[in-house]
Amino acid sequence: MQNGLELLASHACFDGEQRYYRHASRRVGLPMRFGLYLPPQAAGEGARLPVLFYLAGLTCTEETFAIKAGAQRWAAELGLVLVTPDTSPRGADLPGEAQSWDFGVGAGFYLDATRAPWRRHWRMETYLLDELLPLIGEQFPVDLQRAGVFGHSMGGHGALTLALRHPGMFRSVSALAPIAAPSRCPWGEKAFTGYLGDDRRAWAAHDATELMARQTEPPYPDGILVDQGLDDQFLAEQLHPHLLEAACAAVGQPLTLRRHAGYDHSYYFVASFVQDHLRFHAERLQKVGARRR
Ligand SMILES: N[C@@H](CCC(=O)N[C@@H](CS)C(=O)NCC(=O)O)C(=O)O
């Protein structure tokens, strides 16, 4: 145990280290876990590296991306620290919390619930931004001025909405098969009703398409990258990237939305394009460094 962080496991990986930690979260009120990849450059004296947060999708944990995406290889090459938070609180023991795979445990949607009983522990937005991010900045050789965020599916929704709700927190944002308009799909409707209640006005503040539509100028002038598989079993009913595309076009936000024939929603898709996402973020986060020097 070091400064409240309990190291659960550490594995050498591409000359760096893939670690897993647990800590007592004050914001969530329960222990939370996260994964952390330190590339070899982290061992350099006085190193302060750019850091990329990856938010995972429904049913995932802090391990899923680290095990399945193969991103460490590119993080090692590019000198990026990767942080993979869990997808919800665990161990709250609320009635029905694990009854469905798209709500409750493993389905925190990266927001703070306002409805009972969820509002007590399901505070993923506050947890990530007010607790985990500063903790990573204090405990590891990272430069929080050079932080990016990306994610898959529910985590793509999380990356886009957190980046739009908190300007300046992240310098780069991208997503893989994001739930791009959650107010208009069954996953989002279920989650928002449960966590935020029936008032759709409250939902809009956590909907990437709605948030983008409200912008008065492009929030990420260096562009946003979104990849989407065209054989994704959730594309038609749940994801709606075309709505985000239209909202970006309306406000002049540069968006590279790549549609890939043959790819489904799985981590085989994520693994196929993860290198491009790491390079996309590394380029933008390096520019921040150059600007400051
Ligand atoms: N359990 C769901 C699928 C859930 C799912 O596809 N989750 C995605 C994110 S939305 C995922 O990344 N799953 C973990 C994995 O593929 O390892 C089903 O059976 O339809």
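The preceding data block contains the structure.
Residues numbered from 1 in each chain as written. Predicted model: local features only at pLDDT ≥ 70, side-chain atom pairs only at ≥ 80, totals over all residues. Heavy atoms only, no water.

> Where do I start with the overall build of the protein chain in this structure?
The secondary structure content of the protein chain amounts to ten helices and nine strands. A compact globule built from 293 residues should have a C-alpha radius of gyration of about 19 Å, and the protein chain, at 18 Å, falls within 12% of that. By its C-alpha atoms, the protein chain is 50 × 45 × 35 Å across when sized along the principal axes. Within the protein chain, buried positions represent 58% of all 293 residues. Total accessible area on the protein chain is roughly 12100 Å²; 48% of this is exposed by carbon and sulfur atoms. Separation between the mean location of the 29 positive side-chain charges and that of the 32 negative ones in the protein chain comes to 5 Å. (Helix = DSSP H or I, 4+ residues; strand = E, 2+ residues; numbered from the N terminus. Rg over C-alpha atoms; globule rule 2.2 N^0.38 Å. Buried < 20%, exposed > 50% of the residue type's maximum accessible area, 1.4 Å probe, protein only. Areas by Shrake-Rupley, 256 points an atom, 1.4 Å probe, with all protein chains shown as cover. Lys, Arg positive; Asp, Glu negative; His and termini not counted. Charge placed at Lys NZ, Arg CZ, Asp CG, Glu CD.)

> What should I look at first to understand the site of the ligand in this one?
In the vicinity of the ligand, the contacting residues are Gly57, Leu58, Thr59, Cys60, Thr64, Lys68, Trp101, His152, Ser153, Phe234, His265 and Tyr267. One of the backbone nitrogen or oxygen atoms of Leu58 is found 3.1 Å away from a nitrogen atom of the ligand. In this structure, Lys68 approaches the ligand through a side-chain N or O atom, which is 2.5 Å from an oxygen atom. If the ligand stood free it would expose 500 Å²; the protein chains cover 69% of that surface. Of the residues belonging to the shell around the ligand, the class tally is five nonpolar, six polar and one charged. (Near = heavy atom within 4 Å. Polar contact = N/O pair within 3.5 Å; in protein donor to acceptor, adjacent residues only side chain to side chain. Nonpolar A, V, L, I, M, F, W, Y, C, P; charged D, E, K, R; others polar.)

> Even after reading the chapter, I still don't get the pattern of salt bridges, so can you show me in this structure?
Opposite charge on two side chains permits them to pair, given that their charged atoms come into close proximity. Going through the model one piece at a time under the given rule, you end up with 14 salt bridges. In this structure, the salt-bridge partner of Asp199 is Arg201, at a minimum N-O distance of 3.3 Å. Residue classification places Arg201 among the exposed residues on the basis of a relative accessible area of 68%. Between Arg259 and Glu245 there is a salt bridge whose closest N-O contact spans 2.9 Å. Taken together, the residues Arg259 in strand β9 (residues 255–260) and Glu245 in helix α9 (residues 241–251) connect sequence positions 14 residues apart. With relative accessibility at 30%, the residue Glu245 sits in the partly exposed group. (Salt bridge = Lys/Arg side-chain N within 4 Å of Asp/Glu carboxyl O.)

> Looking at this structure, I do not really get helix α5 (residues 186–196). What am I missing?
Side chains of residues three or four places apart in an α-helix project in the same direction, reflecting 3.6 residues per turn. Every buried residue of α5 is accounted for by Trp187, Gly188, Ala191, Phe192, Tyr195 and Leu196. Relative to the axis of α5, the buried residues are bounded by an arc of 110 degrees and lie together on one face. Contacts made by the buried residues of α5 are with α4 (154–165), α6 (200–204) and α8 (235–239). Immediately downstream of α5, the backbone of Gly197 shows phi near 95 degrees, a positive value. (Arc of directions from axis to C-beta. Contact = heavy atoms within 4.5 Å.)

> I tried to follow the side chain of Ser174 on my own but got confused; where do I start?
Mapped onto the elements, Ser174 comes out in strand β7 (residues 172–176). Classification of Ser174 by relative accessible area gives buried; the value is 0%. A distance of 2.8 Å separates a polar atom in the side chain of Ser174 from a polar atom in the side chain of His277. Reaching out from Ser174, the side chain makes a polar contact with the side chain of His281 at a distance of 2.8 Å.

> How should I be thinking about the sheet that holds strand β4 (residues 49–55) in this particular structure?
In sheet architecture, strand pairing relies on hydrogen bonds along the backbone and comes in two forms, parallel and antiparallel. Reading across from one edge, β1-β2-β3-β5-β4-β6-β7-β8-β9 is the order of the nine strands in this open sheet, with mixed pairing throughout. Each end of this open sheet is capped by a strand with a single partner; those strands are β1 (5–13) and β9. In this sheet, neighbouring strand axes are inclined to one another by 20 degrees on average, regardless of whether the strands run parallel or antiparallel. Bridge analysis of β4 against strand β6 (residues 142–152) gives six bridges, and the strand direction is parallel. (Pairing = 2+ DSSP bridges. Axes fitted to C-alpha atoms, helices over the stretch in contact; angles between N-to-C directions.)

> Is there a simple way to think about the environment of Ser100 in this case?
Secondary-structure assignment places Ser100 in the loop between β5 (81–85) and α3 (124–139). Along the chain, Ser100 and Thr59 lie 41 residues apart, while their C-alpha atoms are 9.6 Å from each other. Only 3.4 Å separates the side chain of Ser100 from the side chain of Lys190, close enough to count as a polar contact.

> What is the right way to look at α9 in this model?
Buried within α9 are the following residues: Pro241, Leu244, Ala247, Cys248 and Val251. Seen along its axis, α9 keeps its buried residues to an arc of 120 degrees; they face one direction. Opposite the buried face of α9, at more than 90 degrees from it, the exposed residues are Ala249 and Ala250. On its buried face, α9 is in contact with α4, α7 (208–213), β8 (224–229), α8 and β9. Looking one or two places after α9, you find Gly252, whose phi comes out positive at around 75 degrees.

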